[in-house]
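# Geometric and topological summary
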Amino acid sequence: MRQRLLGQEAGSADWLIGADLLTDRVQGVALRSMAAPGTAYDDPALGQDPQPAHMDDYVDLPHDADNDNGGVHINSGIPNKAFHLFATGLGGRAWERAGQVWYDTLATRGRIARDVDFATFAAATAESARERYADAPEVLDALLAAWDGVGLPVS
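Read on for an overview of the structure.

Criteria and cut-off values
- Residues numbered from 1 in each chain as written.
- Predicted model: local features only at pLDDT ≥ 70, side-chain atom pairs only at ≥ 80, totals over all residues.
- Heavy atoms only, no water.
- Helix = DSSP H or I, 4+ residues; strand = E, 2+ residues; numbered from the N terminus.
- Buried < 20%, exposed > 50% of the residue type's maximum accessible area, 1.4 Å probe, protein only.
- Expected span 1.5 Å × (residues − 1).
- Contact = heavy atoms within 4.5 Å.
- Phe/Tyr/Trp six-rings, centres within 6.5 Å; stacked < 30°, edge-to-face > 60°.

## A few points about unusual backbone geometry
Non-glycine residue W15 carries a positive phi angle of around 60°. Relative to the assigned elements, W15 resides in the loop between α1 (2-6) and β1 (16-17). Judged by its relative accessible area of 5%, W15 is buried. For N69, which is not glycine, the phi dihedral falls at a positive 50°. Assessed through its relative accessible area of 48%, N69 is described here as partly exposed.

Written out as structure tokens, the structure reads:
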């Protein structure tokens, strides 16, 4: 949203979520960083940003409300980083081609289940890219490289 309002290209955006929410008393830049998950804050009161950027660092938690329903928010750094890599790999505005692939994946009924895992979601984004950008193979290439970059190779 911020990138669109500012008219930023993917390569020049800061990729921060909630950058304006922290006070100057908090040691950090935002709630989340899509470009560098796990680096948004390191504060004595809040602790260190726990988000992993790669499947090697996936946090396996019990699937209940006390444990972030399996780490859904903590582990969101992985697909966030994949989207960042995808959008910056394509260049241009993130909401155009990369955003369209994500939108198509999330908005297409039956493509993903409510409890989808990362590998299935990654495969669904590849299917969306193949469908929408059949005549632009660089889109699928950038997407596959992005998922590979976070440890989720998609065929």
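Continuing now.
## Some remarks on helix α5 (residues 118-132)
Between its first and last C-alpha atoms α5 spans 21 Å; for 15 residues at 1.5 Å apiece the expected length is 21 Å, and the two agree. Buried within α5 are the following residues: F118, F121, A122, A124, T125, A126, S128 and A129. Buried positions along α5 lie against α3 (77-90), α4 (97-107) and α6 (137-149).

## A look at the environment of A146
Following the sequence through the fold, A146 ends up in helix α6. The contact partners of A146, leaving out residues within four places of it in the chain, are A82, L85 and F86.

## Some details on the packing of aromatic side chains
What the rule picks out here adds up to 7 aromatic pairs. Here the aromatic rings of F83 and W102 are separated by 5.0 Å at their centres, their planes lie at 70°, and the arrangement is edge-to-face. Of this pair, F83 sits in helix α3 while W102 is found in helix α4, placing the two residues 19 residues apart along the sequence. Among the residues examined, F83 registers a relative accessible area of 12% and is labelled buried. Taking 6.1 Å as the distance between ring centres and 80° as the angle between the ring planes, the aromatic pair formed by F121 and W147 counts as edge-to-face. Placement of F121 in helix α5 and of W147 in helix α6 is noted, with a sequence separation of 26 residues between them. Using a relative accessible area of 1% as the deciding quantity, one classes W147 as buried. These aromatic residues form a ring-pair network of at least three members: W15, F83, F86, W102, F121 and W147.

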